[in-house]
Amino acid sequence: MQSTSYNITAFLLITTFLIMLMAVFVFVIIYLHRKKQLAYQQKLDELEASYEKNLLKTQLEIQEQTFQHISREIHDNINLSLTLAKVNLFSVNWNDPEKSDKKVNSSIDLLTKSIAELSDISKGLNADLIAQQGLLTAIEEEIQRIRHTDLFKIDLEITGTPVYMDNEKELIIFRIVQEAFNNIIKHAKASYTKLVLHYNDVKLVVTIIDNGKGFSTEQINGHQQAGLKNMQTRVKMLNGDMHINSRPDNGTVLIFNIPFEL
């Protein structure tokens, strides 16, 4: 009888010890898992904060470049047209009907041109352009706008079967193309450019070629570097990648690989 009681007591003690040991083990596992979760969340928060900081910086740089672009367009083109129209109208001699008509008609043409250029600038900055017309139409209109400047010859080639993505994604792609052409206009001194949009089964490959002065990637200036950085940041937002092939006096090739699925 005493032996049976001893065995029961020993069994209960061992069982209690094992239960406590298991409880401690479970507690340690939960603690370590929770600690790992907190560390992972902290890392995510740090990455998110860094990403948001870089994104904000990029947005400010893009905004500043946009303001500079608007200022340059107004100063170089619209301001000149309006000034010429003003001079024409002030110099009209109403006693000479033939010359007066010519000056008035010339002023009307200059004002019409200014209105058209303002409309082009507005369209280029309007985010609703993509929602209304789609990426391909927006790019075609942008190329037409560049052609009107007579700065360089430009060709567009679309291969594969176009895949229509959501408006936000197509807007980012459109801004990448705009930034690339903006860089060419400001820095490349090119006489010819070509934009190729190739749609394959999984991604859109955007290739932008120019025959300009090219550059060494180690020796680019600050503004040009900012433009390249803006494009790189935007393509990363789409889980894509960017490749630059350029040498001094040998033009530049920019390639953007943009997957359809994020």
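Each remark here, short or long, concerns the structure printed above.
This is a predicted model, so every value here is computed, not measured. (Residues numbered from 1 in each chain as written. Predicted model: local features only at pLDDT ≥ 70, side-chain atom pairs only at ≥ 80, totals over all residues. Heavy atoms only, no water.)

### Let's talk about the overall build of the protein
Part 1: From N to C terminus, the protein includes 6 helices and 5 strands.
Part 2: Secondary structure elements in the protein, listed N-terminal to C-terminal, are α-α-α-α-β-α-β-β-α-β-β.
Part 3: The 262 residues of the protein split such that 34% are buried.
Part 4: The contacts of the protein with a sequence gap of at least 6 include a subset with a gap of at least 24, amounting to 67%. (Helix = DSSP H or I, 4+ residues; strand = E, 2+ residues; numbered from the N terminus. Buried < 20%, exposed > 50% of the residue type's maximum accessible area, 1.4 Å probe, protein only. Contact = heavy atoms within 4.5 Å.)

### Structural notes on the sheet that holds strand E5 (residues 252–259)
Part 1: Here we have 5 strands laid out as an open sheet, ordered E1-E2-E3-E5-E4, and mixed in their pairing. The open sheet has two free edges, formed respectively by strand E1 (153–159) and strand E4 (241–246), since each of these has just one partner strand. This sheet shows a mean twist of 10 degrees between the axes of neighbouring strands, independent of strand direction.
Part 2: Seen against the sheet, helix H4 (residues 135–149) touches E1, strand E2 (192–199) and strand E3 (203–210) and runs at an angle of roughly 165 degrees to E1.
Part 3: Sheet contacts for helix H5 (residues 167–188): E1, E2, E3 and E5; angle to E3, the most-contacted strand, approximately 10 degrees. (Pairing = 2+ DSSP bridges. Axes fitted to C-alpha atoms, helices over the stretch in contact; angles between N-to-C directions.)

### Things to note about unusual backbone geometry
Part 1: Despite not being glycine, Lys189 has its phi angle at roughly 55 degrees, a positive value.
Part 2: Relative to the helices and strands, Lys189 is located in the loop between H5 and E2.
Part 3: Even without being a glycine, Asp249 presents a positive backbone phi close to 65 degrees.
Part 4: Judged by its relative accessible area of 68%, Asp249 is exposed.

### Notes on the pattern of salt bridges
Part 1: Applying the stated criterion across every chain yields a total of 3 salt bridges.
Part 2: A salt bridge links Asp155 to Lys153, with the shortest nitrogen-to-oxygen separation between them at 3.2 Å.
Part 3: In this structure, the salt-bridge partner of Lys194 is Glu157, at a minimum N-O distance of 2.8 Å. Taken together, the positions of Lys194 in strand E2 and Glu157 in strand E1 put the pair 37 residues apart, joining distant regions of the chain. (Salt bridge = Lys/Arg side-chain N within 4 Å of Asp/Glu carboxyl O.)

### Describing H5
Part 1: In this model H5 runs 30 Å from its N-terminal to its C-terminal C-alpha over 22 residues, within 8% of the 32 Å that 1.5 Å per residue would give.
Part 2: Among the 22 residues of H5, 18 are classified as buried, and the element is accordingly described as predominantly covered.
Part 3: Backbone nitrogen of Glu168 and a side-chain oxygen of the N-cap are separated by 3.2 Å at the start of H5; the cap is Asp166.
Part 4: Positive phi appears at Lys189, one or two residues downstream of H5, with a value of about 55 degrees. (Expected span 1.5 Å × (residues − 1). Polar contact = N/O pair within 3.5 Å; in protein donor to acceptor, adjacent residues only side chain to side chain.)

### Points about the packing of aromatic side chains
Part 1: Tallied over the full model, the rule gives 1 aromatic pair.
Part 2: An angle of 15 degrees between the planes, with centres 6.4 Å apart, marks the rings of Tyr199 and Phe260 as stacked. Residue Tyr199 is located in strand E2, and its partner Phe260 is located in the segment after E5; the two are separated by 61 residues in the primary sequence.
Part 3: Judged by its relative accessible area of 4%, Tyr199 falls in the buried class. (Phe/Tyr/Trp six-rings, centres within 6.5 Å; stacked < 30°, edge-to-face > 60°.)

### With respect to the pairing of E2
Part 1: Both E1 and E2 contribute to a ladder of 7 bridges, which runs parallel. Its bridge partner being in E2, Lys153 is matched across the sheet by Tyr192.
Part 2: In terms of handedness, the path from E1 via H5 over to E2 forms a crossover that is left-handed.
Part 3: Looking at chain direction, E2 and E3 are connected through 7 bridges and run antiparallel. Bridging from a neighbouring strand, His198 pairs with Val205 of E3.
Part 4: Hairpin connection from E2 to E3: 3 residues lie between these consecutive antiparallel strands. (Right-handed = clockwise from strand over helix to strand, strands pointing away.)

### Section: H4
Part 1: With 15 residues, H4 extends 22 Å from end C-alpha to end C-alpha; this agrees with the ideal 21 Å at 1.5 Å per step.
Part 2: Looking one or two residues past H4, Asp150 carries a phi angle of roughly 60 degrees, positive in sign.

### Concerning the packing of H4 against H5
Part 1: Here H4 crosses H5 at 20 degrees, and the two axes come no closer than 10 Å. Put simply, H4 runs roughly parallel to H5. Between H4 and H5 lies a crossing whose hand is right-handed. Seen from H4, the contacting residues are Leu135, Ala138, Ile139, Glu142 and Ile146; seen from H5, they are Glu170, Ile173, Phe174, Val177, Gln178 and Phe181.
Part 2: When grouped by side-chain class, the residues that make up the contact of H4 with H5 number 8 nonpolar, 1 polar and 2 charged. (Parallel < 35°, antiparallel > 145°, perpendicular 65-115°, else oblique. Left-handed = near helix turned anticlockwise from the far one by under 90°. Nonpolar A, V, L, I, M, F, W, Y, C, P; charged D, E, K, R; others polar.)

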